[in-house]
Amino acid sequence: MRKPFIAGNWKMNLASKAAAELAGRLLAKVSDFEGIEVAVAPTATSLAAVIEVLRGSPIEVAAQNCYWEESGAFTGELSTEMIKEIGCSHVIIGHSERRQFFAETDETVNKKLQAAYRAGLMPIVCIGESLGHRESGRTMEVVAGQLKGALKDISVEQMQQLTVAYEPIWAIGTGKTATPDQAQEVHAFLRGQLMEMFGQNVADVVRIQYGGSVKPSNAKELMDKPDIDGALVGGASLKADDFIGILGYRN
Ligand code: 13P
């Protein structure tokens, strides 16, 4: 009942020309992936070029970050209104790299989430434990805390538009993917948390993406798990063939 949702997070890669080229290669194949929602998240300066290429196509465009104020003296930041106006449908919020390198907290994630809804953007909220958390048996406690902190004061109606991305930090960019069973265990737990917080309907409709070294060779076994509804793909989304391979996981 949940439509699979696969997004490529291009991180700080691909300036406008290369980003537009990659978008064009995906566009050429998109009709092969009917029934799957597809998005790409270029770096901010490449958004305009990618949106131009994908205009009118089913491939959606996400920003990788936003700020929560509408305007003002916040040098270097982008408001959600600016992101919406340029043509993005989604915004990624709270990626672990932002938490690690740019001091994001559950509280700032929540503020950004509120700002995304204000502008009519659909949020992809990232959570995930570190290796230390996992090895000390704290995974569920950590992800539950991140989920509760991020989703504070969010309504049942707003939740319909939201995607959760579970990205264990130890699996990001390391080539070390969580096993399908490890990922499924956390996804099922998170869905249970959504059920407790928002009720059955929200738990049934909210998609939970897995992120962390997703590649064409492991996408199917991950996506086959009942509570894994999509993927947030980093490195493998930078190469057209790899990302197309992931989008074609059912073939
Ligand atoms: P990798 O796919 O490169 O591990 O990155 C995952 C990620 O952080 C997506 O947001």
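Before any of the text, the structure's been laid out above.
All figures in this text were calculated on a predicted structure; none of them were measured in a lab. Positions within a chain are numbered from 1, following the residues in the order the chain's sequence is written. Reporting in this predicted model follows two pLDDT cut-offs: at least 70 for local features of residues, and 80 or more for side-chain atom pairs to be given and counted; totals over whole chains, interfaces and linings ignore these cut-offs and use all residues. Where side-chain values are given, they derive from all heavy atoms of the structure, hydrogens and water being excluded.

Caption draft 1: Structural context of helix 9 (residues 180-198). Put simply, DSSP H or I for four residues or longer makes a helix, DSSP E for two residues or longer makes a strand, and each gets a number counted from the N terminus. Here a helix's expected span is defined as the number of its residues, less one, multiplied by 1.5 Å. Taking 1.5 Å as the rise per residue, helix 9 with 19 residues should run 27 Å; its terminal C-alpha atoms sit 26 Å apart, in good agreement. Throughout, exposure labels follow a simple rule: accessible area from a 1.4 Å probe, protein chains only, divided by the maximum for the residue type, with under 20% read as buried, over 50% as exposed, and the rest as partly exposed. What helix 9 keeps buried is the set P180, A183, Q184, V186, H187, L190, R191, Q193, L194 and F198. Remark: G199 follows helix 9 within two positions and exhibits a positive phi of approximately 100°.

Caption draft 2: The arrangement of the pairing of strand 2 (residues 37-41) in detail. In terms of burial, strand 2 is largely enclosed, as five of its five residues are buried. Alternating residues of strand 2 divide into E37, A39 and A41 and V38 and V40, and every residue in both groups is buried. The pairing of strand 1 (residues 5-9) with strand 2 spans five bridges and is parallel. Across the sheet, the residue bridging to I6 is V38, located in strand 2. By definition, the crossover connecting two strands over a helix is right-handed if that path, from the first strand to the second, turns clockwise as seen with the strands pointing away from the viewer. Between the parallel elements strand 1 and strand 2, the chain passes through helix 1 (residues 16-29) in a crossover that is right-handed. When DSSP locates at least two bridges between a pair of strands, those strands are taken to pair. Looking at chain direction, strand 2 and strand 3 (residues 60-63) are connected through two bridges and run parallel. Residue pairing in the sheet places A39 in a bridge with E60 of strand 3.

Caption draft 3: Representation of the sheet that holds strand 3. On the basis of which strands lie adjacent, the closed barrel formed by eight strands has the order 1-2-3-4-5-6-7-8 and parallel pairing. Each strand axis lies, on average, 25° off the axis of its neighbour in the sheet, ignoring direction. Where strand 6 (residues 163-166) lies against strand 7 (residues 207-211), four bridges are found, and the strand directions are parallel. Bridge pairing in strand 7 links V164 to I208. Between the N-to-C directions of two axes lies an angle of 0 to 180 degrees, each axis being a line fitted to C-alpha atoms and, for a helix, fitted only over the stretch in contact.

Scope: geometric values only; no functional claims are made or implied.
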